[in-house]
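Chain residues, written in single-letter form:
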Amino acid sequence: MAELQFREAIRAAIDEEMAHDENIFVMGEEVAEYDGAYKVTEGLLDKYGSKRMIDTPISELGFAGIGVGAAMNGLRPIIEFMTFNFAVLAADQIINHASKIRYMTGGQISIPIVFRGPNASAGQLSATHSVSYDSMYAHFPGLKVIYPSEPDDAKGLLKSAIRDDNPVLFMESEQMYGLKGEVSEEDDYTIPIGKAKVKREGADVTIIAHGKMYHVATQAAQKLSNDGVEAEIIDPRTVKPLDMETVVKSIKKTNRCVIVDEAHPFGGLAAEVGYLIQREAFDYLDAPVQRVTLPDTSAPFAKNLFDEWFPSPDQVIEAVNTVTYRK
Amino acid sequence: MAIKVEMPKLSDTMEEGVIAKWNVVEGDKVESGDVIAEVETDKATMEVEVFDSGTILKILASEGDAVPLGKIMAIIGEEGEDISDLVEEAQSGNGAKEETADSEKEKQKANKSEEKEPIDPVFGELEQNGSEQGTKQKSASVTDDGRIKASPLARKMAEEKGIELSSVQGSGPEGRIIKRDIEEYTPSRQPAAPAAMPSASKEDKEHRVSQMRKAIARRLAESKYSSPHYYETIDIDMQHVFAARKKLNEASDVKISFNDIVVKACAMALRRHPAINSSWKEDTILEHGDVNVAFAVAIEEGLVTPVIPQTDQKGLAQISAESKELAELARDRKLQPEQMEGSTFTISNLGMFGIEEFTAIINPPNACILAVGAIRDVPVVENGEVVPGKRMKATLSSDHRIVDGATAAQFLSTVRNLLENPLGMLL
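Being a predicted model, the structure only gives us computed values, none of them experimental.

Draft legend 1. Region of the structure containing the overall build of chain A. Counting its secondary structure elements, chain A contains 12 helices and 14 strands. The buried share of chain A, taken over its 327 residues, is 57%. Long-range pairs, those at least 24 residues apart, make up 82% of the contacts in chain A between residues at least 6 apart in sequence.

Structure (structure tokens):
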């Protein structure tokens, strides 16, 4: 095990896979000469050369499309978006083409592509730079969506994503790039896509949280523990496919659930998971499932408003109090 | 020149008003005639207009505050004007203003017995409220449609353990039965022994007494203590009213209710029995020239008694239309004090709640109140045979200082005759 930053863990995954398979290449804005806007791809140009580390102009639709075309022809592109907020410009390539080509060609053509980059807000970057897209892409059949919360998960899941023959959206967070954690150095270390992880055991309530929200939930769980309430935290790690088995098993134990999601409330992951829980674990629920999400408003710029807008450990604690009938 | 906006006297019996809502904030410009606030009085929520134009410089009472009559609510003037003196006067609550308010209060109290007794909107049967609440609180876990509120888990656990949900007291929100209630359930805690359920006790709640509820409490206590009530009940055959109403409704655009017919019958009977249509004035008995029948309307905050003026001179269609309009205004709390003043007799009808028979407290300064119950399908004996009948019980509460037993009985008998022979009402 080595202690790596989140960005180093991602880099390690890309590096290891590129070393194994020369069909893999990285393309995006500033990925090569500048070593990546967030230094994720630092040093890879020197190692793999400009045929496999390709800088593009600001042209999301264009380079995403090139990636899809390359994947159709047998290459394995990793497309980096400077943020998923800019990837909406390439949404047609992702949603209409990458996701559907395999289906529309009757399985003859696969699209082994990874779209990766920072997702959701990074603090005060205001409304157009703060949207969480995992639920949106998960809405469309044919796309896999991963949003890990810790460096080790990031490495193991990204390696699986790169090896996957289907389009995968791999979401990171600007706020997490510097986050350190123990990462496996095991040769060929992968984590299967679609497997949630129970990251904290507890008997009183199940908290489901992924990406940055995992850390918000962890803070809440620590405070709750001081108060005698032991929360079980499940990090789904992949939004699609979603591992409901692990969730339902936990709910059968705790009978109560709070979902924490950095997206807006309407039709988000929290809404979907809430529905699935009532369908699959109805007889084990002792309280209606609660969710903590962003409000149904765009991100404010002002610090004080942003702090109010962003899901907080206190909001999670309040939701836990509601489902445990404590207050 | 700054102008004081004082709490106006919005009804005869008002001593203070509660600010229900401010429509302006400090700094707003107002014109003469603008409604700046809504004030809850003992009768209704009234709008407070300003008579001057200018800028609202200061608001001196918050929403929910009770402001005594004549006390300064707000100050209007020109922007930038120095109003510190007025603010100090208002906030210290001393000086001439306070005295004026006090002396006005005194004057009002002194005048009370002399002046024509103001009509109070509130009325009736506190018992009714009590019993209604009692039923609601019987079991918090049971919804209005009789379903027991329990979490899915609690339901499953109860089924597995063979526990009747109806015997479990829920501790979740609104009495929802949850996991811990089933876990902690012991068969000894059967519903037969409700006293032995300490874990089920709920926190006490205190509610602010609204101006209307205060008036209800004061006036009804006064009525019950000072006027010697006695009660006479009569059973009325309503079969002809049933038939007549059906025909009337076929002919009329306005839908006539049974209550409208009872109102009409009482109005006619009151004309024939002026003693019932009277008020006690200590040294004199005031026999009212007009017959003005009031009827009790239960609203969320309490009870009001809107009046149908000169009821005896109106036809059923008009009585029906007026009472519908008044009841609607009452429910929206839009009744004006004058629409609740001048009653000479009151009817309280709880028939729609299935109440068969009850006694009402007299609505001062009336001499009597008629408590009307539900029309029931009952077996009656006619010529030695049991036949189906439609009967309604009406109980007259009378103030014995004015009305003696026989007088009340004669009045009731007239009401019965009119209802049993509704064609007689056409005469």
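Draft legend 2. Focus on the sheet that holds strand β12 (residues 293-295) of chain B. Residues and elements named next belong to chain B. In spatial order, the strands read β9-β18-β17-β16-β12-β15; together these 6 strands make up an open sheet with mixed pairing. Each edge of the open sheet carries a strand with a single partner, namely β9 (229-237) and β15 (307-308). In terms of strand pairing, β12 meets strand β16 (residues 345-349) through 3 bridges, oriented parallel. Looking across to β16, one finds that Ala294 is bridged to Thr346.

Draft legend 3. Just the nonpolar core, in detail. Core analysis: the largest hydrophobic core is formed by 75 residues, its most contacted members being Ile14, Phe81, Phe115, Tyr137 and Ile277 of chain A. Among the elements that take part in this core, helix α10 (residues 269-281) of chain A stands out by supplying 6 residues, more than any other. Taken domain by domain, the makeup of this core includes at least three residues from each of domain 1 (2-183) and domain 2 (197-324) of chain A. The next biggest cluster of nonpolar side chains, apart from the first, holds 52 residues, and it includes Val262, Cys266, Cys368 and Ala408 of chain B.

Draft legend 4. Just the sheet that holds strand β3 (residues 29-30) of chain B, in detail. All names here are of chain B. Judged by pairing direction, the sheet is antiparallel, and its 4 strands sit side by side in the order β1-β8-β6-β3 without closing on themselves. Looking along the sheet, the strands with just one partner apiece sit at the ends: β1 (3-6) and β3. Note that strand β6 (residues 54-59) and strand β8 (residues 72-77) share 4 bridges and pair antiparallel. Directly across from Lys58, in β8, lies its bridge partner Ile75. Helix α1 (residues 84-92) rests against β1, β6 and β8 of the sheet, and its axis sits at about 175° to β8.

Draft legend 5. Broad picture of the packing of helix α8 (residues 212-226) of chain A against helix α12 (residues 313-323) of chain A. Residue and element names in this part refer to chain A. Two elements in contact, α8 and α12, have axes whose closest approach is 8 Å; the angle formed by their N-to-C orientations is 60°. If you check the angle between α8 and α12, you find them oblique. Pair α8 / α12 crosses with right-handed handedness. In contact with Val216, Gln219, Ala220, Lys223 and Leu224 of α8, α12 contributes Pro313, Asp314, Val316, Ile317 and Val320. Here the contact of α8 with α12 is composed, by residue class, of 7 nonpolar, 1 polar and 2 charged.

Draft legend 6. Inspection of the UniProt feature "domain: Peripheral subunit-binding (PSBD)" (unreviewed entry) in chain B at higher detail. UniProt records the feature "domain: Peripheral subunit-binding (PSBD)" (unreviewed entry) for residues 149-186 of chain B in the present numbering. As annotated, residues 149-186 of chain B has a helix share of 39% and a strand share of 0%, and its two end C-alpha atoms lie 19 Å apart.

Draft legend 7. The arrangement of the pairing of strand β18 (residues 385-399) of chain B in detail. Residue and element names in this part refer to chain B. With 9 bridges joining them, β9 and β18 adopt antiparallel strand pairing. Considered in β18, the bridge of Tyr230 is made with Ser398. Pairing of strand β17 (residues 368-382) with β18 involves 13 bridges; the strand directions are antiparallel. Bridge assignment links Val380 to a residue of β18, and that residue is Val387. Between β17 and β18, which pair antiparallel in sequence order, lie 2 residues; one of them, Asn383, sits at a positive phi of approximately 50°.

Draft legend 8. Representation of the packing of aromatic side chains. Residues and elements named next belong to chain A. Tallying each qualifying case throughout the model produces 10 aromatic pairs over all chains. Residues Tyr133 and Tyr137 carry aromatic rings whose centres are separated by 6.3 Å and whose planes lie at 45° to one another, so their mutual orientation is tilted. Just as Tyr133 is buried, Tyr137 falls in that class too. Consider the rings of Phe306 and Phe310, whose centres lie 5.5 Å apart with planes at 20°: the pair is stacked.

Draft legend 9. Quick look at the pattern of salt bridges. Residues and elements named next belong to chain B. Taken as a whole and assessed by the stated rule, the structure comprises 38 salt bridges over all chains. Between Lys149 and Glu174 there is a salt bridge, with the nearest N and O atoms lying 3.7 Å from each other. Residue Lys149 is located in the loop between α3 (126-136) and α4 (152-161), and its partner Glu174 is located in the loop between α4 and α5 (179-183); the two are separated by 25 residues in the primary sequence. Judged by its relative accessible area of 63%, Glu174 falls in the exposed class. The partner of Glu222 in a salt bridge is Arg219, and the shortest N-O contact between them spans 3.6 Å. Taken as a pair, Glu222 and Arg219 lie in helix α6 (residues 211-226) at a separation of 3 residues, close to a single helical turn. Overall, the relative accessible area of 3% leaves Arg219 in the buried class.

Draft legend 10. Seen up close, a nonpolar patch on the surface. Residue and element names in this part refer to chain A. Taken together, the side chains of Val88, Leu89 and Met136 present a nonpolar region at the surface, about 250 Å² in accessible area. Its location among the elements puts Met136 in helix α6 (residues 134-138). We classify Met136 as partly exposed; its relative accessible area is 31%.

Draft legend 11. Geometry of the pairing of strand β11 (residues 231-235) of chain A. Residues and elements named next belong to chain A. With respect to burial, β11 is a largely interior element, 5 of its 5 residues being buried. Residues of β11 alternate between two faces, with Ala231, Ile233 and Asp235 on one and Glu232 and Ile234 on the opposite face, all of them buried. Strand direction decides the pairing type here: strand β9 (residues 197-200) and β11, joined by 3 bridges, are antiparallel. Paired with Arg200 across the strands is Ile233, a residue of β11. In this structure, strand β10 (residues 205-209) lies alongside β11, joined through 4 bridges in parallel fashion. When the bridges of β11 are listed, Ile208 appears paired with Ile234. In this region the chain leaves β10, passes through α8 and returns to the parallel neighbour β11; the handedness of that crossover is right-handed.

Draft legend 12. Structural view of the interface of chain B and chain A. Taken together, the contact between chain B and chain A spans 11 residues of the former and 11 residues of the latter. Where chain B abuts chain A, roughly 890 Å² becomes buried across the two surfaces, and 53% of that area is made up of carbon and sulfur atoms. A per-residue breakdown of the area chain B buries against chain A is headed by Pro152, Leu153 and Lys156 of chain B, which together make up 50% of the total. Applying the counting rule to chain B against chain A returns 0 salt bridges. On the surface where chain B and chain A come into contact, there are 6 residue pairs in polar contact (both at pLDDT 80 or more).

Draft legend 13. Fine view of unusual backbone geometry. Cis geometry marks the peptide bond from Lys240 of chain A to Pro241 of chain A; its omega dihedral reads 0°. If you trace the backbone, Pro241 of chain A turns up in the loop between β12 (238-240) and α9 (244-254). Of note, the amide linkage connecting Pro364 of chain B to Pro365 of chain B takes the cis form, showing an omega dihedral of 5°. Note on placement: Pro365 of chain B falls in the loop between β16 and β17. Of note in the backbone geometry, Gln310 of chain B takes a positive phi value of approximately 45° without being a glycine.

Cut-offs and rules
Residues numbered from 1 in each chain as written. Chains lettered and ligands numbered in written order. Predicted model: local features only at pLDDT ≥ 70, side-chain atom pairs only at ≥ 80, totals over all residues. Heavy atoms only, no water. Helix = DSSP H or I, 4+ residues; strand = E, 2+ residues; numbered from the N terminus. Buried < 20%, exposed > 50% of the residue type's maximum accessible area, 1.4 Å probe, protein only. Contact = heavy atoms within 4.5 Å. Pairing = 2+ DSSP bridges. Core = buried A, V, L, I, M, F, W, Y, C linked by side-chain atoms within 4.5 Å. Domains from an automatic or database assignment. Axes fitted to C-alpha atoms, helices over the stretch in contact; angles between N-to-C directions. Parallel < 35°, antiparallel > 145°, perpendicular 65-115°, else oblique. Left-handed = near helix turned anticlockwise from the far one by under 90°. Nonpolar A, V, L, I, M, F, W, Y, C, P; charged D, E, K, R; others polar. UniProt positions renumbered as here; feature names shortened; annotations may be inferred. Phe/Tyr/Trp six-rings, centres within 6.5 Å; stacked < 30°, edge-to-face > 60°. Salt bridge = Lys/Arg side-chain N within 4 Å of Asp/Glu carboxyl O. Patch = residues over 30% accessible without salt bridge, like charges linked within 9 Å, V, L, I, M, F, W, Y side chains within 5 Å. Areas by Shrake-Rupley, 256 points an atom, 1.4 Å probe, with all protein chains shown as cover. Right-handed = clockwise from strand over helix to strand, strands pointing away. Buried area = accessible area lost by both parts, 1.4 Å probe. Polar contact = N/O pair within 3.5 Å; in protein donor to acceptor, adjacent residues only side chain to side chain.

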